[in-house]
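Fold and geometry: a report
The chain contents come next:
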Amino acid sequence: VSTQSTGPACVCVLSSTNMVSVLNQPEIRQALHQISQIGNYSGWFLLGYTDDNTVALKARGNGGVEELVPLLKDNEIQYFVVRILDQDKDGLETGRTVFVTWTGSQVSVLKKGKKATHAATVADFCSPHHATLTATNRNNINTHTIKDRSGPLSGSHIID
């Protein structure tokens, strides 16, 4: 697990209506590229707020989602991208990249409302990915649940 500085390596407002900026854009793109490689079935990176409208790379790792869960904060909204092992229709191993919005249990209703429009913008920046999920219960964030909820036939894209 490595953590990243929040210095402004690159600042860009992604949407004038959502007013969310992303720092460390080259590092985020590199992290996405690294975990999305063909033949890679693990890896993740975590984004968090440095202020009300700025998101930055906070940490990254080569392990599974279980390695990242301890970094999720109950009083914050954070975003992460994780790569998991999947199988295609022929039963061959393949990777699935999933974007997840984490909303901690102690995040106020006001803060949830203010940040609601940011999730889609950040997800677009972290594309491509196979699925987008929302998580509110850290105890249920694991490879099995992410695989289940991110599947094309999943009825729910919420980890609660």
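Residues numbered from 1 in each chain as written. Predicted model: local features only at pLDDT ≥ 70, side-chain atom pairs only at ≥ 80, totals over all residues. Heavy atoms only, no water.

1. So, the overall build of the protein
Our working rule: Strands are runs of DSSP state E lasting at least 2 residues, helices are runs of H or I lasting at least 4, and numbering of each runs from the N terminus. Relative accessible area decides the class of each residue, using a 1.4 Å probe on protein chains only: under 20% of the type maximum gives buried, over 50% gives exposed, and in between gives partly exposed. Residue contacts follow a heavy-atom distance rule, with two residues in contact if any of their heavy atoms lie within 4.5 Å. In short, Shrake-Rupley with a 1.4 Å probe defines the accessible areas, and a residue's cover is counted only from the protein chains shown.
Scanning the protein from terminus to terminus reveals 5 helices and 9 strands. When its helices and strands are written in sequence order, the protein yields β-β-β-α-β-β-α-β-β-α-α-β-α-β. Across the 160 residues in the protein, those meeting the buried criterion constitute 43%. Within the protein, counting contacts between residues at least 6 apart in sequence, those at least 24 apart form 60% of the total. Accessible area for the protein stands at about 8100 Å²; split by element, carbon and sulfur atoms hold 51% of it.

2. Quick look at the pattern of salt bridges
Convention followed: Basic side-chain nitrogens of Lys or Arg form a salt bridge, by our definition, when they fall within 4 Å of a carboxyl oxygen of Asp or Glu.
Scanning all chains against the criterion turns up 5 salt bridges. For Lys-115, the salt bridge is made with Asp-52, and the minimal N-O distance between the two is 3.9 Å. Pair noted here: Lys-115 is in helix 3 (residues 109-115) and Asp-52 is in the loop between strand 4 (44-51) and strand 5 (54-61), with a separation of 63 residues, a long-range link. Given the relative accessible area of 5%, Lys-115 is considered buried.

3. Side note on the nonpolar core
To be explicit about the condition: We call a set of buried Ala, Val, Leu, Ile, Met, Phe, Trp, Tyr and Cys residues a nonpolar core when their side-chain atoms join them within 4.5 Å.
Judged by nonpolar contacts, the single largest core of 21 residues is most densely connected at Ile-28, Phe-45, Leu-47, Tyr-79, Val-122 and Cys-126. Sorting the residues of this core by element identifies helix 1 (25-35), strand 4, strand 5, strand 6 (77-87) and helix 4 (118-125) as the ones contributing at least two each. Excluding its chain neighbours within four sequence positions, the residues that come into contact with Tyr-79 are Phe-45, Leu-46, Leu-47, Tyr-49, Val-55, Phe-99, Val-100, Thr-101, Lys-115, His-118, Ala-119 and Val-122. Leu-46, Leu-68, Val-98 and Ala-135 belong to the second largest nonpolar core, which has 19 residues in total.

4. Brief notes about the side chain of Thr-54
The line we're drawing: By the criterion applied in these results, polar contacts are pairs of N or O atoms within 3.5 Å in which, for protein atoms, one can donate a hydrogen and the other can accept it, and in which residues neighboring in sequence qualify only through two side-chain atoms.
Structurally, Thr-54 is set in strand 5. Here Thr-54 falls in the buried class, since its relative accessible area comes to 12%. At 2.9 Å, the side chain of Thr-54 and the side chain of Asp-51 are in polar contact. Not counting residues within four places of it along the chain, the set of residues in contact with Thr-54 comprises Ser-21, Leu-23, Gly-48 and Tyr-49.

5. Let's talk about the pairing of strand 5
We apply this condition: When DSSP finds at least two bridges between two strands, those strands are taken to pair.
Here strand 5 lies mainly inside the structure; 7 of its 8 residues are buried. Of the strand pairs in this sheet, strand 3 (residues 21-22) and strand 5 are connected by 2 bridges, and their pairing is parallel. Note on strand 5: the bridge partner recorded for Val-22 is Val-55. Counting the residues that bridge the hairpin from strand 4 to strand 5 gives 2 residues.

6. As for helix 4
In terms of burial, helix 4 is largely enclosed, as 6 of its 8 residues are buried. Burial in helix 4 covers these residues: His-118, Ala-119, Thr-121, Val-122, Ala-123 and Phe-125.

7. Quick notes on unusual backbone geometry
A cis amide bond links Ser-127 to the next residue, Pro-128, at an omega of 5°. Position of Pro-128 among the secondary structure elements: in the loop between helix 4 and strand 8 (131-135). Of note in this structure, Asn-24 is not a glycine but carries a positive phi near 55°. Mapped onto the secondary structure, Asn-24 falls in the loop between strand 3 and helix 1. Its relative accessible area of 3% is what places Asn-24 among the buried residues.

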